[in-house]
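Listed here are the chains, written in short residue letters.
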Amino acid sequence: MRIKKIILSFFFFASFSSIFATSLNVRILTTKVIQSFIFSPITGTYDVYGDGVLLLNSDTPGIFQLTIEKDSIILKTFERTIGKYASLKMKSKQLDGAFKIKSVIPEGKVRTYEDDVTIGLTADKKQFLLINNIDIEKYIAGVVESESGTRTSLEYYKLQSILCRTYLLAHINRHVLEGYQVCDDVHCQAYLSRSVDADIKKGVYDTKGLVVVDDDLNLITAAFHSNCGGQTVASQDVWATPTTYLKSVKDTFCLRQPHAKWKRTIPMEDWKAYLQLKHKYPVDDSLMLNNATSFTQTYGRAIYFTDKDLKIPLKIIRADFQLKSTYFSVEQEGESVLFNGKGYGHGVGLCQEGAMRQAKLNRSYKEILNFYYKDVHLVDLSALNYFRQE
Ligand SMILES: [Zn+2]
Ligand SMILES: [Zn+2]
């Protein structure tokens, strides 16, 4: 087992050494168009660099307002204007530095982060481009909290940490042409702030450097969703790409969890019009109409709606009506149709609520990982340092 792990690590190193690093450049507040904000340290002290030159060492009290004026950034303290710059960097003098950012224009909530921040402008010079230069494991803790909240158990956090780390490494240079590596939006992974939760931090550091690979030693697509409704979906049924590890799995652990069920009612006329106009469904045929108003998924999840010849993908209906999942039945209720749904999310990979339940039942993170992903292996990135030092 040990030998297998080392061999795996060795091949992994050969394939992925270029992406192995300990720090990361994450664009923060990506979706906000910020024109003015306040920076202040929470822990430790910060040196301030303007256009690469040390302007203020960390002995200076560290609360600053930054605004945009004619293609430049104006840096001010409460007492005075310090100057005009193309870019700035706030660099922590300590290893545990943390800071706050409060958007002033437009007014926004305080967000808290760790390590350093580089402050520039977007190409059109109309808004700030804020890049958090952060240790990867600290970033993972922030993502785990943003993606799964603070109410579950340590064993679950270990698993979520491994998945978020795997996802990160598989997408690590997604935004490299824009001057950073990942964004903080769901496009990459949600990263709303640092995490100060003791269990989340322990979950991250207990699994430090662990990632998941498939049989061919490729990082897996670490897909996860809120609740599968009782059965997960194979990747090819949602994204058209088959994988060896994203199979459909029966999951009873999530059935009594918060997002296990949903309902939605829409007028019958809207439903008929939608099927006819968008999908050329023959609603004037009474038998076909009956099928379209009495659809069930009793024996596992379907891919297509009611009639296989027409091949109407359930994922299209889900997107058009913004339904919580594709795992629904349809029945007539007077002048309306009622959607009775199960689960929340695309249904591929890990079911978060099922996994949280399994963790509560004392299943280990490895057991839960192997329940949702088939034929996968955990690889220890920290072993790579061993090879690197050889
Ligand atoms: Zn992104
Ligand atoms: Zn589930």
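Before reading on, note that the structure itself is shown above.
Everything numeric in this text was worked out from a predicted model, so none of it was measured. (Residues numbered from 1 in each chain as written. Chains lettered and ligands numbered in written order. Predicted model: local features only at pLDDT ≥ 70, side-chain atom pairs only at ≥ 80, totals over all residues. Heavy atoms only, no water.)

(A) Highlighting the coordination of the zinc ion (ligand 1). Taken together, the protein ligands of the zinc ion (ligand 1) are H175 (NE2), C183 (SG), H187 (ND1) and C188 (SG), with distances of 2.0 to 2.3 Å. The sequence pattern formed by the donor residues of the zinc ion (ligand 1) is H-x7-C-x3-H-C. For the residue pair C183 and C188, the accessibility class agrees, reading buried in each case. (Donors = N, O, S within 2.8 Å, 3.2 Å for Na, K, Ca; no water. Buried < 20%, exposed > 50% of the residue type's maximum accessible area, 1.4 Å probe, protein only.)

(B) Structural detail: the pairing of strand β7 (residues 81-85). Pairing of strand β6 (residues 72-76) with β7 involves four bridges; the strand directions are antiparallel. Within β7, the residue paired with I74 across the bridge is K84. Where β6 hands over to β7, the hairpin turn is made up of four residues, counted between the paired strands. (Pairing = 2+ DSSP bridges. Helix = DSSP H or I, 4+ residues; strand = E, 2+ residues; numbered from the N terminus.)

(C) Representation of the environment of S364 within the structure. As for its placement among the helices and strands, S364 is situated in the loop between α9 (352-360) and α10 (365-372). Along the chain, S364 and Y156 lie 208 residues apart, while their C-alpha atoms are 8.4 Å from each other.

(D) Region of the structure containing the sheet that holds strand β4 (residues 53-56). The seven strands lie next to each other as β4-β3-β8-β11-β12-β1-β13, forming an open sheet whose pairing is mixed. Strand pairing shows two members of the sheet lacking a second neighbour, β4 and β13 (182-183), which therefore form its edges. Sheet topology note: the strand β8 (residues 88-92)/strand β11 (residues 116-121) ladder contains three bridges and is antiparallel. Counted as the bridge partner of L88 is I119 from β11. Sitting on the sheet, helix α2 (residues 136-148) touches β1 (23-28), β12 (128-135) and β13, and the angle it makes with β12 is about 110°. (Contact = heavy atoms within 4.5 Å. Axes fitted to C-alpha atoms, helices over the stretch in contact; angles between N-to-C directions.)

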